Amino acid sequence: TGLLECCARCLIGAPFASLVATGLCFFGVALFCGCGHEALTGTEQLIETYFSKNYQDYEYLIDVILTGVWHPFARPSGFTTLGRRLRPSGFWDIPKGSAARGTAVVPSGAGWGGTTEGGQESQTDMPRQLLQLPSRRDQTLLFVGITYVLTIIWLLVFACSAVPVYIYFNTWTTCQSIANPTKTSASIGTLCADARMYGVLPWNAFPGKVCGSNLLSICKTSEFQMTFHLFIAAFVGAAATLVSLLTFIIAATYNFAVLKLMGRGTKF
């Protein structure tokens, strides 16, 4: 019975919202990076095969997307940093060898020495310095600020990831109209997908657009279908990451408010 009560208290005190949001964040970032990178590769192949034979027409766009959008999130160092910044509030690393509560010793490798025992410094010939660890309220405030910044960034990423989904959906809708000419009054030859209209290619790119039965044959290829679904998956990954960050904001803001009220002596 005692063991069950102890486990129950531990489970009640576990930050389930933060833990679930952390898993959702890692899942969303991984889905966004993996599917987005493959979708861009497929888009480059489609453009090169059907819309433009001149690589210079879309070289700048591909370089901007790969360098400015996908690589920073796909790099392992950036992915690890994101996870470390979004770990549940309260799980902070306290250096070993420090028995004094609220203090930590600068490691000797950094040019300092000495330890603490019972809150007292040990006498050594090497220079030493005690660092005051930030309070839980300061930690939570820092966590809230970082989360707000990341939420704004991912809100922009979420909006940008919706653009290729919109373009591919319009192309797919046009193909459906070509496949069912009875549902439209326009001539099949006038139904086109123009990459220049969306800014994917410059206006002097040739041919820049595909019309009629040629467009329908593109929509039936596995490359088009796979790329379309990969962009949808990347969009879902960005949405999942945004939801996790919003969950972090709610949890961290609540924690900060509780700690601030507790600092004023308010009892719960």
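Residues numbered from 1 in each chain as written. Predicted model: local features only at pLDDT ≥ 70, side-chain atom pairs only at ≥ 80, totals over all residues. Heavy atoms only, no water.

Visitor: Even after reading the chapter, I still don't get the pattern of salt bridges, so can you show me in this structure?
Guide: A side chain with one charge can pair with a side chain of the opposite charge if their charged atoms come near. Here the structure, examined in full by the defined rule, presents one salt bridge. Between aspartate 194 and arginine 196 there is a salt bridge, and its shortest N-O distance comes to 3.0 Å. One exposure class covers both aspartate 194 and arginine 196, and it is buried. (Salt bridge = Lys/Arg side-chain N within 4 Å of Asp/Glu carboxyl O. Buried < 20%, exposed > 50% of the residue type's maximum accessible area, 1.4 Å probe, protein only.)

Visitor: Sorry, what's going on with the side chain of threonine 171 here?
Guide: Relative to the assigned elements, threonine 171 resides in helix α5 (residues 136-179). For threonine 171, a relative accessible area of 12% corresponds to the buried category. In this structure, threonine 171 is in contact with Ala193, Leu215, Cys219 and Phe224, ignoring residues within four places of it in sequence. (Helix = DSSP H or I, 4+ residues; strand = E, 2+ residues; numbered from the N terminus. Contact = heavy atoms within 4.5 Å.)

Visitor: Just to check I follow, could you spell out the nonpolar core for this structure?
Guide: Nonpolar side chains tend to gather and get buried jointly when the protein is soluble and globular. Counting residues in each nonpolar core, the largest one holds 39 residues, and the members touching the most others are Phe32, Trp154, Leu201 and Leu215. Contributing elements (two or more residues each) for this core: α2 (16-51), α3 (56-74), α5, α6 (212-219) and α7 (222-263). Top contributing element to this core by residue count: α2, with ten residues. One finds Ala21, Val144, Phe248 and Ala252 within the second-largest nonpolar core, a separate group that totals five residues. (Core = buried A, V, L, I, M, F, W, Y, C linked by side-chain atoms within 4.5 Å.)

Visitor: Hey, could you run me through unusual backbone geometry in this one?
Guide: Glycine aside, residues mostly have negative phi angles, and peptide bonds mostly take the trans form. Cis geometry is found at the peptide bond from phenylalanine 206 to proline 207, where omega equals 0°. Tracing the sequence through the fold places proline 207 in the loop between β5 (192-194) and β6 (209-211).

Visitor: Quick question: what am I supposed to make of the side chain of aspartate 194 here?
Guide: Relative to the assigned elements, aspartate 194 resides in strand β5. Among the residues examined, aspartate 194 registers a relative accessible area of 15% and is labelled buried. Side-chain polar atoms of aspartate 194 contact the backbone nitrogen of arginine 196, separated by 3.0 Å. Residues in contact with aspartate 194, not counting those within four places in the same chain, are Trp203, Gly208 and Lys209. (Polar contact = N/O pair within 3.5 Å; in protein donor to acceptor, adjacent residues only side chain to side chain.)

Visitor: Help me understand the UniProt feature "transmembrane region" (unreviewed entry) in the chain, please; the structure alone is not making it clear to me.
Guide: Under the local residue numbering, the UniProt record ascribes the feature "transmembrane region" (unreviewed entry) to residues 12-33, 141-169 and 230-257. Within the segment residues 141-169, helix and strand shares are 100% and 0% respectively, and the terminal C-alpha atoms sit 42 Å apart. Summarising residues 230-257: 100% helix, 0% strand, and an end-to-end C-alpha distance of 41 Å. (UniProt positions renumbered as here; feature names shortened; annotations may be inferred.)

Visitor: Where do I start with the environment of phenylalanine 224 in this structure?
Guide: Structurally, the position occupied by phenylalanine 224 is in helix α7. On the basis of relative accessible area, phenylalanine 224 is assigned to the buried category, the value being 3%. For phenylalanine 224, the residues in contact, after removing those within four places along its chain, are Leu46, Tyr168, Thr171, Trp172, Ile218 and Cys219.

Visitor: I keep staring at the packing of aromatic side chains and nothing clicks. Help me out?
Guide: Two aromatic rings are characterised by how far apart their centres lie and by the angle between their planes. Considering all chains together, one arrives at eight aromatic pairs under this definition. Measuring from centroid to centroid gives 4.9 Å for phenylalanine 158 and phenylalanine 235, while their planes differ by 25°, and the two rings are stacked. Taken together, the positions of phenylalanine 158 in helix α5 and phenylalanine 235 in helix α7 put the pair 77 residues apart, joining distant regions of the chain. Of the residues examined, phenylalanine 158 reaches a relative accessible area of 24% and is grouped as partly exposed. Looking at phenylalanine 235, the relative accessible area reads 25%, which means it is partly exposed. Their ring planes at 15° and their centres at 6.1 Å tell us that tyrosine 168 and phenylalanine 228 sit as a pair that is stacked. Remark: phenylalanine 228 occurs in helix α7 and tyrosine 168 occurs in helix α5; sequence separation between them is 60 residues. Note on phenylalanine 228: relative accessible area 8%, which makes it buried. (Phe/Tyr/Trp six-rings, centres within 6.5 Å; stacked < 30°, edge-to-face > 60°.)

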